[in-house]
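Structural overview
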Amino acid sequence: MVIVENKKLTEYDPKTLQKLKDLELKILKEFIRICDENDLEYYLMYGTLIGAIRHKGFIPWDDDIDVAMLREEYDKFVEVMKDYKSDTFEFLSPQTHDLYRPMYSILSLKGTNVERIYDRNTDFNIGICIEIFVLENAPKSYLKQKLYRIRVPLFQKFLLSFGLTYNDIYPSETKQKIGRTIRKIYKILKINNEFMKKRTSKIVNYGEKDSNYVCDIGNDDDMIIYDKSIFTPAKKTKFEDIEAKIPNDYDTCLKLIYGEYMKIPPKEEQINHEYDDVDFGKYN
C-alpha cells in the first residue's frame, strides 16, 4: 500500500504555464488534423471557447484545452482512433482502456506526465493532453430531462468513487479506511469493471437518438441541456496561430454555461486546474 500526500502546484511560473500551453496546442493541431482528414466535426468548448472568442487563443491563466463532439461524430472518431498509430500521441478513452474512468476521452502526449490522485495505479500513463467531451443525445421531454439531470451526476459520483477505491491509492489515512470499506461493499455487491461498463452504456443510451437536445455527461459541473442547433454547422475562428471550429451559436452556448463570459473575472477567480505535478519529459 502506498499513501501519497495530495500536493498541488499553488501557481504556475510563467515559463511552465507557457510550455504547457505550447504542448497542448501541439496536441490540438494533431486532433484537428485527424478530424479534418476524416471529415469529422468538433467544437472548442468551455474555457477554450472563451479563450478563442475573448483572447483569440488561451485564456491567459488557463492550463488546458477542451473540445466536444456530437455523439455520432465521436463514435466515428473512436473508430478512426482504433487504427491510430503514433510515436508521439496516445488516445485514451473508456472504449480503449478498462481502468480509464472519466466519461470523456483524451489525446495525450507520450513521454510526459501530469499526476493527479485519481490517475495513479492504472495500467496506462496520463500525459499532457486535451480533453474530448461527448455531447450525448438527451431526452426530449422536460420531465425526462429533469430526471436525467439528477441521474447522471449521481452516476458520475458513483463512477469516481469506484475508480478511487479500485486503484488502492489514497491521499490520507482516513480516506484509505473509507476507501477500503467502500471497496469491500462493492465486492459483496459484485460491483466490478464489467458492471460499471454496463451501467455507463445505459446512461449513455438513455437519451433519444432523434432528439434535438444534447448534453455533456462527462462534465462534473451543473449539467446543461443544449438545443443541438446551437452547435451545427460549426464555424471557424482564430485560436493562437491556427483556425479551429467552434459552435455556430457560440454566444448562446457560452451564456448558458458562464453568463457574461466577455467580462474578465477578478484576480482571485482566475483559477486553473493545477495538476499535482507536471513532467515534461523530453520536452523539458
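Please refer to the structure placed before this passage.
Residues numbered from 1 in each chain as written. Predicted model: local features only at pLDDT ≥ 70, side-chain atom pairs only at ≥ 80, totals over all residues. Heavy atoms only, no water.

**Quick look at the side chain of Ser93**
For Ser93, the location among the structural elements is in the loop between strand E4 (89-92) and strand E5 (105-109). Using a relative accessible area of 0% as the deciding quantity, one classes Ser93 as buried. Once you skip the residues sitting within four places of it in the chain, Ser93 turns out to touch Tyr74, Tyr100 and Ser105. (Helix = DSSP H or I, 4+ residues; strand = E, 2+ residues; numbered from the N terminus. Buried < 20%, exposed > 50% of the residue type's maximum accessible area, 1.4 Å probe, protein only. Contact = heavy atoms within 4.5 Å.)

**What about the nonpolar core?**
Core analysis: the biggest nonpolar cluster contains 67 residues, and Leu28, Phe31, Phe77, Tyr226 and Phe239 have the highest contact counts within it. Take this core: its biggest share by element is 10 residues, from helix H1 (residues 14-37). The contacts of Tyr226, once residues within four sequence positions are left out, are Met45, Tyr46, Leu135, Asn212, Tyr213, Val214, Cys215, Phe231, Cys253, Leu256 and Ile257. (Core = buried A, V, L, I, M, F, W, Y, C linked by side-chain atoms within 4.5 Å.)

**Focus on the packing of aromatic side chains**
Taken as a whole, this structure holds 8 aromatic pairs when the rule is applied. Where Phe31 meets Tyr42, the ring centres are 5.4 Å apart and the plane angle is 75°; that geometry is what we call edge-to-face. Separated by 11 residues along the polypeptide, Phe31 in helix H1 and Tyr42 in the loop between H1 and strand E2 (43-44) bring together distant segments of the chain. For the pair Phe31 and Tyr42, one class covers both residues: buried. Pairwise contacts between aromatic rings join Phe31, Tyr42, Phe77 and Phe91 into one cluster. (Phe/Tyr/Trp six-rings, centres within 6.5 Å; stacked < 30°, edge-to-face > 60°.)

**So, the environment of His97**
With respect to the helices and strands, His97 occurs in the loop between E4 and E5. Overall, the relative accessible area of 16% leaves His97 in the buried class. Sequence-wise, His97 and Phe124 are 27 residues apart; in three dimensions their C-alpha atoms are separated by 8.0 Å. Filtering out sequence-adjacent residues up to four positions away, His97 remains in contact with Glu90, Phe91, Leu92 and Phe124.

**Let's talk about the packing of helix H2 (residues 46-55) against helix H7 (residues 250-258)**
Think of two packed helices as two axes; the pair is described by the angle between the axes and how far apart they sit. The interhelical angle for the contact between H2 and H7, taken along N-to-C directions, is 130°, at an axis separation of 11 Å. Judged on the interaxial angle alone, H7 and H2 are oblique. Crossing angle aside, the handedness with which H2 passes H7 is left-handed. Judged by residue contacts, Tyr46, Gly47, Leu49, Ile50 and Ile53 of H2 engage Tyr250, Cys253, Leu254, Ile257 and Tyr258 from H7. Across the contact of H2 with H7, the residue classes tally to 9 nonpolar, 1 polar and no charged. (Axes fitted to C-alpha atoms, helices over the stretch in contact; angles between N-to-C directions. Parallel < 35°, antiparallel > 145°, perpendicular 65-115°, else oblique. Left-handed = near helix turned anticlockwise from the far one by under 90°. Nonpolar A, V, L, I, M, F, W, Y, C, P; charged D, E, K, R; others polar.)

**A word on unusual backbone geometry**
A cis amide bond links Thr232 to the next residue, Pro233, at an omega of -10°. In this structure, Pro233 sits in the loop between strand E10 (225-227) and strand E11 (235-239). Its identity as a non-glycine residue notwithstanding, Tyr46 has a phi of 55°, on the positive side. The residue Tyr46 is located in helix H2 in this model.

**Thoughts on a nonpolar patch on the surface**
Together, Ile185, Ile188 and Leu189 give the surface a local cluster of nonpolar side chains, amounting to about 330 Å² of exposed area. Judged by its relative accessible area of 69%, Ile188 falls in the exposed class. (Patch = residues over 30% accessible without salt bridge, like charges linked within 9 Å, V, L, I, M, F, W, Y side chains within 5 Å. Areas by Shrake-Rupley, 256 points an atom, 1.4 Å probe, with all protein chains shown as cover. Salt bridge = Lys/Arg side-chain N within 4 Å of Asp/Glu carboxyl O.)

**Re the environment of Lys263**
Secondary-structure assignment places Lys263 in the loop between H7 and strand E13 (277-279). Lys263 gets classed as exposed once you look at its relative accessible area, which sits at 65%. Separated by 209 residues in the primary sequence, Lys263 and Arg54 place their C-alpha atoms 8.9 Å from one another.

**Structural notes on helix H3 (residues 71-82)**
Between its first and last C-alpha, H3 extends 17 Å over 12 residues, near the 16 Å set by a 1.5 Å rise per residue. By the burial criterion, the buried members of H3 are Arg71, Glu73, Tyr74, Phe77, Val78 and Met81. Buried residues of H3, viewed axially, fall in a sector of 150°; they line one side. (Expected span 1.5 Å × (residues − 1). Arc of directions from axis to C-beta.)

By themselves, these observations are geometric and do not establish any function.
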